[in-house]
Amino acid sequence: MPPSPYAVDVRDLGIRYNLNLTRRTTLKGSLAEWVGRKQQVGRHFWALRHVNFRIEHGESLGILGPNGAGKSTLLLALAGILAPDEGSVTMSGRVSSLLTLGAGFEMEISGRENIFLIGGFMGIRHRVMLELSPSIIEFAGIGAFIDAPVRTYSSGMRARLGFAIATAIAPDILLLDEVLGTGDEEFRGRSQQRIREMVARAKAIVLVTHDLSTVTEFCNRAILMELGQVLFEGSPQDTVEFYRERVQERKRRLAEAAPEPLAPAPPPAVLSPPTVLPPPALLDQPAS
Amino acid sequence: MLPFRLPMIPPVRAVPDARPAAADRPLGFRELFRRLDSVRLVTRGFVDLRTRGRLLQHLVGTDLKRTHADTVVGQLWWLIDPFFSMAIYSILVTVVFQRSIADAPLFLFAAILPWQWFQTSLQDATTSVTGRGNLIRQIQFPKLVLPAASTVAGTLTFFFGLLSLALLYLLYPGRLSLWLLTIPVIAAVQFVFTLALGILFSALNTFYRDVQNLLRHATRIWFYMSPAIYAASDLKGSAFSYVLALNPFTYILTSYRNVAYYNRPPDFVALAVVLALSLVLLAFSIWVFKRLETGFAKIL
């Protein structure tokens, strides 16, 4: 196959959640359905549908959209964690995702051991991890805690270690999900510095954020998503402007459609006087 | 308001399906194709395990450290645990049921130790995927390493437990025999069987959490239907002996007891049959697992 001119090539992507299964199915429910041959139509939810976009090498794409638009699902699909139910996702190069940081730590083992464990999950060779671990430990900057069980870490320390591991290897394609504000002031400065380095080195970047100024600063293109579909695609400035106007428009329409102010709440019901429980009866009364 | 929309790249809506419709393909080929596809899935499963050896190693280490973290005697529990259960069953069998078994502690220990390996490994493997939902939603990796690591960790614990079996021979030196050296062979058969069930149940448990609950009771019933606190020969002629004949653990536990208690060779023929069936089950389990694997991230 000839090398793709695109770093990321998403065609007609659809990701479908089965509402039956996400509800934490029990065997009983499934058996009842199976026996009753109930139709399962309409029990699916398309988190993404007919999503098309391509990112050329050297581009940086921002993804905007309200909560529930499918932005995070899209990142999971780009990272290869969710398989497409429709269409295709083609990534050319090593993908690294900075999704929820540090959530995968093993609590009972030390930070140092976690570095190697997560490195193994990420598919990084042990030899490479041996070389990288000193710089990871140094970057996390959690001192002697590195040899203590992760269970004893503060949430900030966990986030720092998670960030240090996730950014240890510079990927070709970088997926970022709201990670630009981790830890205290000092660490945030260093982490933004490192993100900037990775951005400079990566062949392509996909960035999901609610911070509109980040998009105009980091990206050279942006898309606006809503309800699992791409609504707008353009320069960051245009997309941000379009998004802002859409939000304004929605607010105005909501204000117009708002009903009369709610009637005052009814006075609280008078509490019934406390009932006095009879003393507990003893089963075996001592013979007197 | 912007006067126009800016589509940088024209959207591609419908990607034509590369495969011909099912009806267009010749019939025999379709079947063959499907079968080859399954074989590919199973081999990919084995490749997953082989190429992620180092990850497996880290996971096993984590499992072992986690089990007895923060205990006073720490890893000594690997020796103490089997002793306690052996003592409990010894009292149950000899005092409560009034059965006179020569050297009862050794008789029981030879079967209970491997059984506990099976039970804990299977339970750990079953919950191994559901217990790492966070990670599965974060990193893409072959999930097959999770049940495999639980089973391997259980196996190491079993081999530590063999040290306490060795200590027991201080009391019964007359029962020592060279056949004890075949324990790794019996353990290998049991390992394949345990791994196969663990992989299957871990995949099913992701979709139906009932599996882990059912399993608790099922293993319990299974224990009493296996010749652990009695000998298979005790039930010769009874209707129950047919149940025993179908139970792979009848052959596994009897083999352990042969080498550890009776100074006899293990039942090699039966073990070979169990191994063959376990390998078939393993291939089936890996196939099921690989089929369901892509859905894990969605429902965890």
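In this text the structure is predicted, and so the values were computed from the model without any measurement.

A. The arrangement of the overall build of chain B in detail. What chain B contains, in helices and strands, is 11 helices and 0 strands. Of the regular secondary structure in chain B, the N- to C-terminal order runs α-α-α-α-α-α-α-α-α-α-α. Considering chain B as a whole, with its 300 residues, one finds that 37% of them fall into the buried category. Of all intrachain contacts in chain B linking residues separated by at least 6 positions in sequence, the fraction that spans at least 24 positions is 77%.

B. Structural detail: the environment of Arg244 of chain A. Examined against the element boundaries, Arg244 of chain A turns out to sit in helix 9 (residues 236-257). Along the sequence, Arg244 of chain A and Leu212 of chain A sit 32 residues apart, while their C-alpha atoms lie 9.4 Å from each other.

C. View of the environment of Val192 of chain B. One can find Val192 of chain B in helix 7 (residues 183-207). Sequence-wise, Val192 of chain B and Ser100 of chain B are 92 residues apart; in three dimensions their C-alpha atoms are separated by 35 Å.

D. Region of the structure containing the confidence of the model for chain B. All names here are of chain B. Averaged over all residues, the pLDDT of chain B equals 83, while 87% of them reach at least 70. When pLDDT is averaged over each helix and strand of chain B, the minimum, 72, is found for helix 1 (residues 27-51) and the maximum, 95, for helix 7. Ignoring residues within four places in sequence, the model shows residues 1-27, a span with pLDDT below 50, making 28 contacts including any to other chains. Across the predicted assembly, pTM comes out at 0.80 and ipTM at 0.78.

E. Representation of the sheet that holds strand 1 (residues 6-18) of chain A within the structure. Residues and elements named next belong to chain A. Strand order in this open sheet of 3 strands is 2-1-4, and the pairing throughout is antiparallel. Both edges of this open sheet fall to strand 2 (44-56) and strand 4 (86-91), since each of them pairs with a single strand only. Across this sheet, the average inter-strand angle for adjacent strands is 20°, counted without regard to direction. Note: strand 1 against strand 2, 9 bridges, orientation antiparallel.

F. Structural view of the packing of helix 10 (residues 248-260) of chain B against helix 11 (residues 268-299) of chain B. All names here are of chain B. With their axes 10 Å apart at the nearest point, helix 10 and helix 11 run at an angle of 135° to one another. Regarding the angle of helix 10 to helix 11, the classification is oblique. The interaxial crossing formed by helix 10 with helix 11 has left-handed handedness. On helix 11, the residues that touch Pro248, Tyr251, Ile252 and Ser255 of helix 10 are Ala270, Leu271 and Val274. The residue makeup of the contact of helix 10 with helix 11, split by class, is 6 nonpolar, 1 polar and no charged.

G. Representation of the packing of helix 4 (residues 111-121) of chain A against helix 2 (residues 53-67) of chain B. As a packed pair, helix 4 of chain A and helix 2 of chain B sit with axes 9 Å apart at the nearest point and diverge in direction by 140°. Judged by the inter-axis angle, helix 4 of chain A sits oblique to helix 2 of chain B. In this structure, the crossing between helix 4 of chain A and helix 2 of chain B has a hand that is left-handed. Contact residues: helix 4 of chain A offers Phe116, Leu117, Gly120 and Phe121 of chain A, while helix 2 of chain B offers Arg54, Leu55, His58 and Thr62 of chain B. Its residues assigned to classes, the contact of helix 4 of chain A with helix 2 of chain B comprises 4 nonpolar, 3 polar and 1 charged.

H. Just the pairing of strand 9 (residues 229-234) of chain A, in detail. Residue and element names in this part refer to chain A. Sheet topology places strand 8 (residues 221-226) next to strand 9; 5 bridges connect them, and they run antiparallel. Residue Ile223 lies in a different strand from strand 9, and its bridge partner there is Glu233. What sits between the antiparallel neighbours strand 8 and strand 9 is a turn of 2 residues, in which Leu227 has the positive phi angle 50°.

I. Focus on helix 2 of chain B. With 15 residues, helix 2 of chain B extends 21 Å from end C-alpha to end C-alpha; this agrees with the ideal 21 Å at 1.5 Å per step. Those residues of helix 2 of chain B that are buried lie in contact with helix 4 of chain A together with helix 6 (145-168) of chain B.

J. Here's a closer look at the environment of His57 of chain A. All names here are of chain A. Within the secondary structure layout, His57 lies in the loop between strand 2 and strand 3 (60-64). Judged by the 16 C-beta atoms lying within 10 Å of it, His57 falls in the partly exposed class. For the pair His57 and Ala47, spaced 10 residues apart in sequence, the C-alpha to C-alpha distance is 27 Å. The contact partners of His57, leaving out residues within four places of it in the chain, are Ala7, Lys203 and Ala204.

The rules behind the values
- Every chain's residues receive numbers from 1 upward, in the order its sequence appears when written.
- Both sets of labels track the order of writing: A upward for chains, 1 upward for ligands.
- pLDDT decides what is reported in this predicted model: residues at 70 or higher carry local features, side-chain atom pairs at 80 or more are listed and counted, and totals for whole chains, interfaces and linings draw on all residues regardless.
- What counts as a helix is a DSSP run of H or I of at least four residues, what counts as a strand is a run of E of at least two, and both are numbered from the N terminus.
- Here a residue counts as buried when 20 or more other C-beta atoms sit within 10 Å of its C-beta, as exposed when there are 12 or fewer, and as partly exposed otherwise, the C-beta atoms being derived from the backbone.
- Once C-beta atoms are placed from the backbone, any two residues with those atoms within 7 Å are in contact.
- For every residue, the predictor reports its confidence as pLDDT, a number between 0 and 100.
- Any two strands with at least two DSSP bridges between them are considered paired.
- Helix axes are fitted to C-alpha atoms over the stretch in contact, other axes to C-alpha atoms as well, and angles between N-to-C directions run from 0 to 180 degrees.
- Our angle categories are set so that under 35 degrees counts as roughly parallel, over 145 as roughly antiparallel, 65 to 115 as roughly perpendicular, and the remainder as oblique.
- When the near helix sits turned anticlockwise from the far one by under a right angle, the crossing is termed left-handed; a clockwise turn instead gives a right-handed crossing.
- Note that Gly is not counted as nonpolar here; it falls among the polar residues with everything else outside the nonpolar set of Ala, Val, Leu, Ile, Met, Phe, Trp, Tyr, Cys and Pro and the charged set of Asp, Glu, Lys and Arg.
- In this analysis, the expected span of each helix is defined as 1.5 Å times one less than the number of residues it contains.

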